[in-house]
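Chain and residue survey
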Amino acid sequence: MMRSTLLAALFALGIATVANAQHMHSEATAIANIGDMTVEHAWSRATPSAAPVAGGYLTIRNSGKAADKLIGGSSEISQAVEVHEMALNNGVMTMRSLASGLEIKPGESVQLQPGGYHIMFTGLKRPLKQGETFKAQLTFAHAGKVDVVFTIRAMNARPEHDHSHHNN
Ligand SMILES: [Cu+2]
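**So, the overall build of the protein chain**
Within the protein chain, the secondary structure is distributed over 2 helices and 11 strands. Its helices and strands taken in sequence order, the protein chain reads α-β-β-β-β-β-β-β-β-β-β-β-α from the N to the C terminus. Scored against the burial criterion, the 168 residues of the protein chain give a buried share of 25%. A fraction of 68% describes how many contacts in the protein chain between residues 6 or more apart in sequence connect residues 24 or more apart.

**Concerning the pairing of strand S5 (residues 78-89)**
Where S5 and strand S9 (residues 118-124) come together, 6 bridges link them in antiparallel fashion. Opposite Ser78, over in S9, you have Leu124 as the bridge partner. Summarising the sheet, S5 and strand S6 (residues 92-97) pair through 6 bridges and their orientation is antiparallel. Bridged to Met86 within S6 is Met95. Here S5 folds back onto S6, and the loop between the two strands holds 2 residues, one of which, Asn90, carries a positive phi near 50 degrees.

**A look at the environment of Pro52**
Within the secondary structure, Pro52 sits in the loop between strand S2 (37-45) and strand S3 (53-62). Placed 72 residues apart in sequence, Pro52 and Leu124 show a C-alpha to C-alpha distance of 5.2 Å.

**A word on the pairing of strand S11 (residues 144-153)**
The pairing of S2 with S11 spans 3 bridges and is classified as parallel. Looking at S11, one finds that Ser44 is bridged to Ile152. Where strand S10 (residues 133-140) meets S11, 8 bridges bridge the pair, whose relative direction is antiparallel. Within S11, the residue paired with Lys135 across the bridge is Val149. Here S10 hands over to S11 after 3 residues, the two strands then running antiparallel side by side.

What counts and what doesn't
- Residues numbered from 1 in each chain as written.
- Predicted model: local features only at pLDDT ≥ 70, side-chain atom pairs only at ≥ 80, totals over all residues.
- Helix = DSSP H or I, 4+ residues; strand = E, 2+ residues; numbered from the N terminus.
- Buried ≥ 20, exposed ≤ 12 C-beta atoms within 10 Å, placed from the backbone.
- Contact = placed C-beta atoms within 7 Å.
- Pairing = 2+ DSSP bridges.

Rendered as structure tokens:
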């Protein structure tokens, strides 16, 4: 009885998310919301023992009618949380802090990923170990603060999902 109820619930959930079936994967998919902003697929990479920084990657969707900006945050694993951008400068990949934040236009999604926009956890308090998780809080200029759990993946991990079908 209990078991069949649980299965029915899981089945119903499966139907509801069938449109996103290609996104289902083994690790828990934590989705966090604040106002019109949705944050999902938050992950980081394991770090070498003395690494001063770690990257944070996730997808942000703005389902509202006004633009918002990711301006920073805080975390249990670092002194500070910055929003960074990787860019090619004279053939060299460099990164810089987005002082005025990362804009997410209404109705659009922005993927933070290795080689592009990312969260930078600076002043790392401890190494990040693959398979563990940590908590952070991200701040949007308008929507406010949202709690996000990051899953730590391998040092060389790439995004699990091909999001190109969202953009093209
Ligand atoms: Cu960075």
